[in-house]
Amino acid sequence: MKKNTVKYIINTMLGAAMLAGAVAVGIFLLREADAPAEQSGTDASAAYQQIKDLTEGDLQTEVWGASHIPSATAYNDSVMEGESGWYLVGGEWDVETLGYHQQMRYMDAATGEQTVLCVKPQCTHDTEYCTASNSRYPGVAQVYYEGFLYGLSTDTTKVPSWEHVDEEEGYYQAAGDILLMRYAPDGTALEKLLSFEKAIPEPLDEVTLGAVEMIAHRGGLWISVIFVRERCIRRAHETGMEEQPYIYYWESSQIEHGYGLFHYDIRNDKLTAVIYESPKEKYSPTAPFQLRGMGDHVYFLKSNTDWADPYNGDRLYRVNIRTGELEKLREDVWAFYGLTEDSVVYLQKANTLKNTVVYDVYIMDIATGQSRLFLEQGDYVVGVQCTEDYVFTVKFNEFFDICIYDWNGDLLQTIEQPMKQPYLDADMPFDINACCYPCISGDRLYVMSQHKETNTHCTDFSDAAEQGMVSWRQIY
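Predicted model, so just to flag it, every value in this text is computed and none were measured.

Just to check I follow, could you spell out the overall build of the protein chain for this structure?
The helix and strand inventory of the protein chain stands at 3 helices and 34 strands. Of all 476 residues assigned to the protein chain, the portion counted as buried reaches 55%. Intrachain contacts of the protein chain at a sequence separation of at least 6 include 57% that bridge at least 24 residues. Summed over its atoms, the accessible surface of the protein chain is roughly 20900 Å², and 46% of this surface lies on carbon and sulfur atoms.

Looking at this structure, how should I read the confidence of the model for the protein chain?
Any segment with low pLDDT has predicted coordinates that should not be analysed in fine detail. Per-residue confidence for the protein chain averages 77 on the pLDDT scale, and 73% of its residues sit at or above 70. Within the protein chain, strand β18 (residues 297–302) carries the highest mean pLDDT (95), whereas helix α1 (residues 16–21) carries the lowest (34). Under a pLDDT of 50 for its full length, residues 1–45 has, in the predicted model, 168 contacts with residues more than four places off or in other chains.

Honestly, the nonpolar core in this entry has me stumped. Any pointers?
Nonpolar side chains in soluble globular proteins tend to end up buried together. If you look at the biggest cluster of nonpolar residues, it comprises 27 residues, and the most contacted ones within it are Leu-152, Leu-180, Phe-196, Leu-221, Ile-223, Phe-227 and Phe-262. Breaking this core down by element, the ones donating at least two residues are β8 (140–145), β9 (148–154), β11 (178–183), β12 (190–195), β13 (208–217), β14 (220–238), β15 (246–265) and β16 (270–281). When residues in this core are grouped by element, the largest group, 4 residues, is from β14. When residues no more than four places from it in sequence are discounted, the contact partners of Leu-221 are Val-143, Tyr-150, Leu-180, Met-214, Ile-215, Ala-216, Phe-262, His-263, Tyr-264 and Ile-266. Counting residues in each nonpolar core, the second largest holds 20 residues, with Tyr-259, Leu-261, Val-298 and Leu-326 among its members.

Could you clarify how one ought to interpret the sheet that holds β8 in this entry?
The strands that make up a sheet are held in pairs by hydrogen bonds between backbone atoms, and each pair lies either parallel or antiparallel. Read from one edge of the open sheet, 4 strands run β8-β9-β11-β12, paired in antiparallel fashion. In this open sheet, the two strands that pair with only one neighbour each are β8 and β12. On average, adjacent strands in this sheet sit at an angle of 30° to one another, irrespective of strand direction. By the bridge criterion, 5 bridges tie β8 to β9 in an arrangement that is antiparallel. Following the sheet pairing, Val-140 is matched in β9 by Leu-152.

Is there a simple way to think about the packing of aromatic side chains in this case?
Two descriptors summarise a pair of aromatic rings, namely the distance from one centre to the other and the angle between the planes of the rings. Tallied over the entire structure, the rule returns 13 aromatic pairs. Taken together, a centroid distance of 5.3 Å and an interplanar angle of 15° make the contact between Phe-300 and Tyr-317 stacked. Placement of the pair is Phe-300 in strand β18 and Tyr-317 in strand β19 (residues 315–320), with a sequence separation of 17 residues. Here Phe-300 and Tyr-317 have matching classes, each one buried. Note on Tyr-390 and Phe-461: the rings are 5.5 Å apart at their centroids and 65° apart in plane angle, and the pair reads as edge-to-face. Taken together, the residues span a long stretch of sequence, with Tyr-390 in the loop between β25 (380–386) and β26 (391–396) and Phe-461 in helix α3 (residues 461–467) at a distance of 71 residues. By the burial criterion, Tyr-390 is buried, and Phe-461 matches it. Ring pairs connect the aromatic residues Phe-196, Phe-227, Phe-262 and Tyr-276, which therefore count as one cluster. The ring of Trp-64 carries the charged tip of Arg-267 above its face, separated from the ring centre by 4.1 Å.

It is not clear to me how unusual backbone geometry should be interpreted in this structure. Could you clarify?
Across residues other than glycine, the phi torsion is negative in most instances, and most of the peptide bonds are trans. Unusually for a residue other than glycine, Lys-282 sits at a positive phi of about 50°. By the secondary structure assignment, Lys-282 is in the loop between β16 and β17 (289–294). Since its relative accessible area comes to 81%, Lys-282 is described here as exposed. Positive phi, close to 55°, is recorded for Asp-332, a residue that is not glycine. When you line up the elements, Asp-332 lands in the loop between β20 (326–331) and β21 (337–339). Residue classification places Asp-332 among the partly exposed residues on the basis of a relative accessible area of 27%.

Looking at this structure, I do not really get the pattern of salt bridges. What am I missing?
Once the charged atoms of two side chains with opposite charge are near each other, the side chains can pair. According to the stated counting rule, one finds 12 salt bridges in the structure shown. When the shortest N-O distance is used, the salt bridge between Arg-444 and Glu-81 registers 2.9 Å. In this pair, Arg-444 sits in strand β32 (residues 444–450) while Glu-81 sits in strand β4 (residues 77–81), placing the two residues 363 residues apart along the sequence. The partly exposed category is assigned to Glu-81, whose relative accessible area is 23%. A salt bridge links Arg-315 to Glu-331; the shortest N-O distance between them is 3.0 Å.

Please clarify how the pairing of β19 should be interpreted in this entry.
The two faces of a sheet get side chains in turn, since along a regular strand they alternate between them. Counting buried positions along β19 gives 6 out of 6 residues, so the element sits mostly inside the fold. Pairing geometry for β18 and β19, over 6 bridges, is antiparallel. From the neighbouring strand, Lys-302 faces β19, where its bridge partner is Arg-315. As defined by bridge partners, β19 adjoins β20 across 5 bridges and the pair is classed as antiparallel. When the sheet's bridge partners are listed, Val-319 is paired in β20 with Leu-326. Count of turn residues in the β19/β20 antiparallel hairpin: 5 residues, of which Gly-324 carries a positive phi of about 85°.

Looking at this model, I keep getting lost on the environment of Gly-139. Mind explaining?
Its location among the elements puts Gly-139 in the loop between β7 (114–116) and β8. Considering only alpha carbons, one finds Gly-139 and Gln-102, 37 residues apart in sequence, at a separation of 8.0 Å. The residues touching Gly-139, leaving out its near neighbours within four places in the chain, are Leu-152, Ser-153 and Tyr-183.

Which parts of the structure should I look at to understand the side chain of Glu-277?
Note on placement: Glu-277 falls in strand β16. Polar contacts involving the side chain of Glu-277 include one to the side chain of Tyr-283, which spans 2.9 Å. Once you skip the residues sitting within four places of it in the chain, Glu-277 turns out to touch Gly-258, Tyr-259, Tyr-283, Asp-309 and Pro-310.

Basis of the calculations
- Residues numbered from 1 in each chain as written.
- Predicted model: local features only at pLDDT ≥ 70, side-chain atom pairs only at ≥ 80, totals over all residues.
- Heavy atoms only, no water.
- Helix = DSSP H or I, 4+ residues; strand = E, 2+ residues; numbered from the N terminus.
- Buried < 20%, exposed > 50% of the residue type's maximum accessible area, 1.4 Å probe, protein only.
- Contact = heavy atoms within 4.5 Å.
- Areas by Shrake-Rupley, 256 points an atom, 1.4 Å probe, with all protein chains shown as cover.
- pLDDT = per-residue confidence, 0-100.
- Core = buried A, V, L, I, M, F, W, Y, C linked by side-chain atoms within 4.5 Å.
- Pairing = 2+ DSSP bridges.
- Axes fitted to C-alpha atoms, helices over the stretch in contact; angles between N-to-C directions.
- Phe/Tyr/Trp six-rings, centres within 6.5 Å; stacked < 30°, edge-to-face > 60°.
- Lys NZ or Arg CZ within 6 Å of the ring centre and 35° of its normal.
- Salt bridge = Lys/Arg side-chain N within 4 Å of Asp/Glu carboxyl O.
- Polar contact = N/O pair within 3.5 Å; in protein donor to acceptor, adjacent residues only side chain to side chain.

Structure (structure tokens):
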């Protein structure tokens, strides 16, 4: 049995989770007598469309370090795997400031003990000197790589202050300066590495972060960002209470969206924009999501949301980490995919039944570009992933179950996800449980479950695949 060294992540922060909730995918197991359906493409050079090509050395001339280290990011909360524990990011919504306050912690795998990632004596964890919850740089780490934590932040000193005046107009949380940050894993230091304006051909005035995804791969960080520029009018609502006569809120009057895919060469401290779409009005694109590193490439998905986006469509792309060459590999790849050195497992639209889209599961040979049908429609499927030894889907019956297959399509195990908490969904005539989004890191299977809140559990993947033995440990 091969060791499962490939690491994967389903990033719900960028919308995959919301898409999955409305999708039903059916699968039937292929029998040995069934001839696999093939799609066009006999040669990779013919099958893949080159979109753009940077010159050799524009990204990385030196490749080093571990491959494809993801962050397990679910909305505003993160779990990052360290050598002997996990780095956790969590927070809560402040109803007074209308802000989401996050804090970084470390959880020891042996003891389960959690500590705030700050060693400053008597720190209140809400000042500009705190490394766990910094008031000036409110961003948080999103990936742990080669001894450091990395993340994005804005600079709150550049956010204009709002007076408590009705009808005031201005930009909502307009930080303008997007920063790449580095955190010491022992809570001793927080370092501003550079501003994104070094890689963008225009100033990012009055812009803040929408959604962010970050992975580390072979000595570089790959960062996908949505930029938001929102002009608002401040409104005051009378409460009738003497201690708090008004509640202030913002009414959007103008909003712009843009996005970018960036590469950061860690050793050379160099940031490059591989893709950049400047913020525009009436523009609602998705940023590249589900970033995956494999060999000399980083793969990502785009979704079909805005025809003005030059990369619009449910498509799978990859970019060469050395040259920056960008290729389109496949059309009609929906929301989730799995990746090994040789193959891509993905969902493709089959048809629509009763206003619900259903999908087939395909496997594409990366060397040739050929695809074959792996599983047909039949059961509701909301996710697909793989390792070198296994393919697995998240299938919806009464509950969301994880089905594990070998590469021949034989079902090996069906295991229950950790959150068995049925609730009545107004849009469905039956009880369903928490949504389930898995990822694999080494020999660990992680599942992020959503019910009323987000929970992250893990178990040994080999035991689950080979014996169906599951012992879930709650991490977050």
